[in-house]
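Close look at the chain arrangement
So you can see what is in the structure, the chains are spelled out below.
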Amino acid sequence: MPLSAVDCELALEDLCECSSDWINYTGKKCDKGELRPDILENLELSYFIGLHLCPMFGSPIPTSSAASTSGVGGSGSSLFGHGHRARQGGARKSMGGAFTPFKTPRSHLNRSVRAGGGVSSANTSLAPSQILESCESHSVLASTVSSPVLVTEILTLAEKPTDVSVSLSAEGWAWLVHGRRLVVWRYKVASGQRSLNAACRELTLPASDVAHHARLINVFAWHENQTPSCLAVSPEGLVRFWPNIAHPSSSTEVSADLQGQECHSLTDLQPLGSVLATTTSTIVLVHVLNVGGQHKIVCRQLKPPHGLLGGIGRRVSSLFWGGMPATGEAKLVRVLTSNVKSASSQVTFVLTTMGLQKWILESDTQERLLYEWPVQSQGAETFMKHSMKNEECDIGSLRVCTLDMQFTPKGELAILMAAMNAHSPQQVFYGIGMVDCSTEEQPTEFKNIIAFKPSDGSKDQNITSLGYKLMFPNKKYAYIFNNEGIICVPAQGDGNENDFFDFSTGGNAILGAKSVDGKPYFFAANQGLVHLAVNQNMSVLEPSMTSFNESVSGFDPMTPKKLSESINMSAISQTGLDNLSISESKSDQLKAAFLLFCKRNLTKSASIIESLFPSDNMRSEIDSSVDKLVLSISKDLIDDFPASDPRWMESVPASEATLGQGTMGATMSLLILHQLEDKQTALEFFVSFLKEVGLWNKLCGVTIRETPIPTSLVLCEQVEKTAAAIALRTIHSEHQSLVDKAIERVVRHRKVVLERGLTSQDHFYREISRVHEIFDGLQALQDELLLSQTPREIVNALIAINTIFQRVLKDALQVREKKALEFSPPKSLIEEMEYIPWSSAPGPKGLRTALINQVKISMEKGLSLAENKATRVEIVKQVVHLIDFILDGFLCQLNKTKEARRPVVLKQYEKNRSELISTLVSKGYLEEATSLAEKYLEFVALIKICEITKNRARLDGYMEEFAEHDFSSFHFDWLVREGKQGMLLSQTSSSRHGELGKFLKGHSNISWLHDIQIGDFGKASYTLGNLGKHETDLIARKKTILSLAKLAALASDESDENILKSVNDVEDQLMVLDAQEQLPKSVMDAFKFDSESMHVLAAREIIELYIGDENIQGDHIDFKKALDLLDFVNVVDEEEMTALRLHIWSKAILKDSWVDFDVDNPLEAVKETVCFKLIEFCYIQGADLSTLVPSVEEILSADELSGLAKNRNFQFLLQTGYEHITRVCQEESDKMDS
């Protein structure tokens, strides 16, 4: 397993420090002639690093003979390296230690396995890979899954290992408690995932005066592949709930109100909640409600009849010895919930020092106590019958102590007990009593007891203080353990000699344990996760073992023998094989080669293949004869007729009427389930055959569903469909009526005639290649039921059909995941072709369409017709699985789609993803929607859920968790699209300002607000200035933007020169706006302008409005404004500017009727004209008349004045006025000069 960069760096430093000791050791001796503990530790570290780092340099680590000797470090010790085994073989020896009650063969485990920072990159599982210690019947193996660095750090720094506690869940989550620190990580790959997420989460537990313990923590996910929630209880009863462990700051807490009782354990009871038990046997049901998007913790104490629960308040004589008082309250031993999970009710067992209670906890009603069984008295009788026949003891003097209980694989309840004769207190008898609690009737006795003798006479020690626990993961062995060691107790045996593994030395201890998939797993302080394996089964773990899909070089010629167990090879005559071999049909010859391969005649099989397909390294083309032949035979295998069923004899094609004439004979069983299993085996060996004879590398692709698909993936589809058929047949009896009717519909649709005693099931299950048609049959049946059944019947049928969909597809997809690497085509083929899984085929008859329709019906019909909450919860859970199948199929297609087609498929995937998950959001199932949205990166749904629940902490957590997917930018963009820019700026934390700034580069209309928020006023001013220049819609908005730009510039820390430039630029634009706002009323009315909504006009447009005819009462002031606006008009050259200026003056002249003026008083006549008033006004304001006022010649030559310019009176008056103005200006100039 690869090390993280940090681990490698630290390890290399340690390796350098211990290099001299390493050299001394490999040189046989140290200075004192023995291997010191510190050298041993460094040697272990060196060996561990070497195993991981040396492959980088292309050479294995050098090891001396001393490094592999089990006797290093003293008798009974082992070399604690990581690349070899240290076994005792058959040696059985007793070793001293603190685990004194046991006198059995022992083996020490005090080595220190330092965990890396991550997990294996692909297909990580719980499969062990390395033997740490062995006894006669068992071995301890290290897990391939390393503990997170944080976990290793806590274990290393803890003063003693017992300060730390660990719990493991069957769902694959582990959590460690040290002080108030709670660390959660995944140790097992989740369904649908190919690798582990190496990340771990740290949470802070409530303050407590008593030490926290991992058994008071419950980590669970309401739906598979969802980031889990966490429920933690302090010893004093403070309950804290985290909806998502990825957001440690988001939690809810409440007091359980236990009135001073100390909490003992918290047991998972999802979906009903969790069972909290105190040391004095008070039981509280804790469940979390989602009320309006907010989580509420509800604690309900169980109320048994007559106020009794496990003997609360009852005074009894002591069941303990060695220091216990004479009387005391009944103490809790264990709370255990049934393995069968239900949304509506749950069976719970409570074992106390007084007896065993069985409870029924229901979601909608109060709890029911079915019975309280006196375990101790019944246990005493059982001990007397089975274990103490030869003892001088009467039942009245026998004291029985209950220690633990667990379920057995058979569903029985196993109770760990200890018994002592009061007359001989030095003798302690141990046993595991079996009792059947499957019914609501109180049991009458133990069925039997498994006795064992671990005691060596610890008469002064309190038996209960030793903390013995029970694990019963399989039918062969039970395991008794505590912090210091493990006893392996055979389910059948005398119990005298049991393997024992000692974990009490070298600072080691067992911190937690769990039965996972029928195997015992333990978490040790030094080794991390370890697995106990029975030696006789160890061969399955050896790397030399092969499977049907191994490479040619590793093929075992004896493996085809297994196939003969399902194919009656003896019935295939030599004549039949010869006929196939010499047939002109390539199909017959390929069949012959395969059958010879199964008969282990590899030479002749290879010869036929060589003649059919001459050796070359060239891969065939799409739809080549090789590809079609291979798929034809594989289809024949899975659709083969049951060769030994006489009912099929007339249905077998004439060409294959007998085995001797060449039928494949993939199955000889008469039972449908075994037929399917035989075909599965036959198909596996056919794939092995293709690889062995060299055909596998020649396969290319075929056209299916109008799409070229790699042949290897089509073969994988056949393997998946075989698994689907087996799954369907397995659950057939559970939904007999529905499946029978659906199969009948499918067979009728195929137009099959039933005769000769054959049933619809026979025909349907024979053709595995068409097993997917069952989904069409189920939906057709469902549509009929929706129209004819009662609401309750409809809901029940809908749930059953969903269950069938879910179970069948789950098994098929698990096979796809498992076989992904084996059947994966070369990358070159993926680039040429596209793969649409059969489970995700689009179109009216495609399974993807069927699944989407099933989700729609479940949400619309199922939820509306469901009678209670439990039923709705179950339907929604099924919907989540169906959506998971749909989206997983899309991802599978995307991973094997040509690059040119990817955008189209991706767009369709995103559309379906959004619609499916948003359906859950709209119905209020936020947690369910969250689990899917997190898995499939549906960010819109995650954002909406956070908005609905007002959970800002979760949203921040997503920004961190999905940083590589740019979740922040997606969230920012969503707020902009939703018109929530205010939230974008007000609710973005300071740590996200950099990301927000980057996003806002493309959104200048709001980026200036962010710039102001972070104090970058210069940038804000520049952005606002640009926005103002380009604002043309509203004059009021443009004026506001420019005013803000001016303020920002003045507040910035830019240079004075830059500030002045920015301010002047804004002032110029504001002047133009002022001119527009001052347009005369007559102009506004003429053009129907509204001062509140008027769009922004250009300077040239405003000039025309001021000097135009619509300005009926326009005067010299208006024309002066027009002249002032010339500075803001964009012109090509000076000539255009001169023409525009002349245009303004011409319009001013035309405002008066010059021909009617009194020429006898020319100055008085022109003084009141707009033109000369304008000239006088410009003069008063200090304008340079020589550049501003056109000459007489320019005016008389103006096109607009062509008619007036020929009038003698106009010429006279104009020239007279100009002469007067010239004289006045000259006189004024002379005065100033003097």
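Worth saying up front: this structure is predicted, and the values here are computed from it rather than measured.

Parameters at a glance
- Residues numbered from 1 in each chain as written.
- Predicted model: local features only at pLDDT ≥ 70, side-chain atom pairs only at ≥ 80, totals over all residues.
- Heavy atoms only, no water.
- Disulfide = S-S within 2.5 Å.
- Buried < 20%, exposed > 50% of the residue type's maximum accessible area, 1.4 Å probe, protein only.
- Helix = DSSP H or I, 4+ residues; strand = E, 2+ residues; numbered from the N terminus.
- Expected span 1.5 Å × (residues − 1).
- Contact = heavy atoms within 4.5 Å.
- Axes fitted to C-alpha atoms, helices over the stretch in contact; angles between N-to-C directions.
- Parallel < 35°, antiparallel > 145°, perpendicular 65-115°, else oblique.
- Left-handed = near helix turned anticlockwise from the far one by under 90°.
- Nonpolar A, V, L, I, M, F, W, Y, C, P; charged D, E, K, R; others polar.
- Salt bridge = Lys/Arg side-chain N within 4 Å of Asp/Glu carboxyl O.
- Pairing = 2+ DSSP bridges.
- Phe/Tyr/Trp six-rings, centres within 6.5 Å; stacked < 30°, edge-to-face > 60°.
- Lys NZ or Arg CZ within 6 Å of the ring centre and 35° of its normal.
- 1 Å grid on protein atoms, 1.4 Å probe; cavity = no way out; pocket = protein on both sides within 12 Å on 5 of 7 lines; lining within 4 Å.
- Points joined across faces, edges and corners; volume = space filled by probe spheres on them.
- Patch = residues over 30% accessible without salt bridge, like charges linked within 9 Å, V, L, I, M, F, W, Y side chains within 5 Å.
- Areas by Shrake-Rupley, 256 points an atom, 1.4 Å probe, with all protein chains shown as cover.

Quick look at the state of the cysteines now. Two cysteines, two sulfur atoms, one covalent bond between them: this is a disulfide. This model, assessed by the stated rule, comprises 0 disulfides. The closest cysteine sulfur to the non-disulfide-bonded Cys263 is located on Cys299, 9.5 Å from its own sulfur. Accessibility expressed as a relative area gives 3% for Cys263, which makes it buried.

The next point concerns helix H31 (residues 1056-1077). Along its 22 residues, H31 runs 31 Å from first to last C-alpha, staying within 8% of the 32 Å computed at 1.5 Å per residue. Considered for burial, the residues of H31 that qualify are Ile1059, Val1063, Val1066, Gln1069, Leu1070, Val1072, Leu1073, Ala1075 and Gln1076. Against the buried residues of H31 lie helix H29 (1017-1030), helix H30 (1035-1051) and helix H33 (1099-1107).

A few words on the packing of helix H13 (residues 736-749) against helix H15 (residues 773-788). Closest axis-to-axis distance for the H13/H15 pair is 8 Å, and the angle between their directions is 110 degrees. Classified by the interaxial angle, the pair formed by H13 and H15 is roughly perpendicular. The two elements H13 and H15 meet at a crossing, and its hand is right-handed. Two secondary-structure elements touch here, H13 through Leu738, Lys741, Ala742, Ile743, Arg745 and Val746 and H15 through Glu773, Ile774, Gly777, Leu778, Ala780, Leu781, Glu784 and Leu785. A per-class count over the contact of H13 with H15 returns 9 nonpolar, 1 polar and 4 charged.

With that out of the way, let us pick up the pattern of salt bridges. Applying the stated criterion across every chain, the model contains 38 salt bridges. For the salt bridge of Glu734 with Arg807, the shortest nitrogen-to-oxygen distance reads 3.7 Å. Of the two residues, Glu734 is situated in the loop between helix H12 (711-732) and H13 and Arg807 in helix H16 (residues 791-818); the sequence distance between them amounts to 73 residues. The exposure class assigned to Arg807 is partly exposed, which follows from its relative accessible area of 34%. Residue Asp956 is joined to Arg952 by a salt bridge in which the shortest nitrogen-to-oxygen separation is 3.3 Å. Taken as a pair, Asp956 and Arg952 lie in helix H24 (residues 952-961) at a separation of 4 residues, close to a single helical turn. Ionic contacts of the salt-bridge type, sharing partners, join the residues Arg750, Arg766, Glu767, Arg770 and Glu773 into one network.

A sheet is described by the order of its strands in space; here 4 strands give the open sequence S18-S19-S20-S21, paired in antiparallel fashion. At either end of the open sheet lies a strand with only one pairing partner, and these are strand S18 (332-337) and strand S21 (368-373). Strand-to-strand twist in this sheet, taken as the mean axis angle between neighbours without regard to direction, amounts to 15 degrees.

Let us now look at the packing of aromatic side chains. Taken as a whole, this structure holds 27 aromatic pairs when the rule is applied. Taking 5.6 Å as the distance between ring centres and 75 degrees as the angle between the ring planes, the aromatic pair formed by Phe939 and Phe970 counts as edge-to-face. Of this pair, Phe939 sits in helix H23 (residues 939-949) while Phe970 sits in helix H25 (residues 967-977); the two residues are 31 residues apart in sequence, bridging distant segments of the chain. On the accessibility criterion, Phe939 (7% relative accessible area) is buried. Measuring from centroid to centroid gives 5.7 Å for Phe1087 and Phe1089, while their planes differ by 15 degrees, and the two rings are stacked. For Phe1087, a relative accessible area of 37% translates into the label partly exposed. Linked through ring pairs, Phe939, Tyr958, Phe962, Phe967 and Phe970 together constitute an aromatic cluster. Above the ring of Phe641, the side-chain terminus of Arg766 is found at 4.2 Å from the ring centroid.

This part covers empty space enclosed by the protein. Within this structure, the stated rule accounts for 6 cavities of 30 Å³ or more. Quantified by volume, the largest cavity comes out at close to 90 Å³. Along the wall of the largest cavity there are 10 residues; nearest its centre are Leu713, Cys716, Arg816, Ala820 and Lys896. Top contributing element to the lining of the largest cavity by residue count: H12, with 3 residues.

Strand order across the open sheet formed by 4 strands is S8-S9-S10-S11, with antiparallel pairing between neighbours. At either end of the open sheet lies a strand with only one pairing partner, and these are strand S8 (217-220) and strand S11 (252-255). Each neighbouring strand pair of the sheet contributes to a mean axis angle of 10 degrees, computed without reference to strand direction. The pairing of S8 with strand S9 (residues 229-233) spans 4 bridges and is antiparallel. For Ile217, the partnering residue across the bridge sits in S9 and is Ala232.

For the rest of this paragraph, the subject is a nonpolar patch on the surface. Where nonpolar side chains cluster on the molecular surface, the patch consists of Tyr1179, Ile1180 and Val1224 and spans about 270 Å² of accessible area. Here Tyr1179 lies in helix H37 (residues 1170-1180). Owing to a relative accessible area of 34%, Tyr1179 belongs among the partly exposed residues under this scheme.

Between its first and last C-alpha atoms helix H35 (residues 1134-1149) spans 23 Å; for 16 residues at 1.5 Å apiece the expected length is 22 Å, and the two agree. Looking at the buried residues of H35, the elements they touch are H33, helix H34 (1116-1124), H37, helix H38 (1185-1188), helix H39 (1192-1196) and helix H40 (1208-1233).

This paragraph deals with the pairing of strand S30 (residues 510-516). Alignment of S30 against strand S31 (residues 519-524), held across 6 bridges, turns out to be antiparallel. For Ala513, the partnering residue across the bridge sits in S31 and is Phe522. Counting the residues in the hairpin turn of S30 and S31 gives 2 residues, including Asp517, whose phi is positive at 55 degrees.

This brings us to the environment of Leu798. For Leu798, the location among the structural elements is in helix H16. On the basis of relative accessibility, which here comes to 3%, the residue Leu798 falls in the buried class. Placed 59 residues apart in sequence, Leu798 and Ile857 show a C-alpha to C-alpha distance of 8.6 Å. If we skip the residues at most four places from it in the chain, Leu798 touches Gln782, Gln854, Ile857, Ser858, Gly862 and Gln878.

All right, on to unusual backbone geometry then. Across the chain, the bulk of peptide bonds are trans and the bulk of non-glycine residues have phi less than zero. Residue Pro271 is bonded to the preceding Gln270 through a cis peptide linkage, with omega at 10 degrees. Note on placement: Pro271 falls in the loop between strand S12 (263-268) and strand S13 (274-278). For Leu937, which is not glycine, the phi dihedral falls at a positive 60 degrees. In this structure, Leu937 sits in the loop between helix H22 (926-936) and H23. A positive phi angle, close to 60 degrees, is found at Asp966, a residue other than glycine. The exposure class assigned to Asp966 is partly exposed, which follows from its relative accessible area of 43%.

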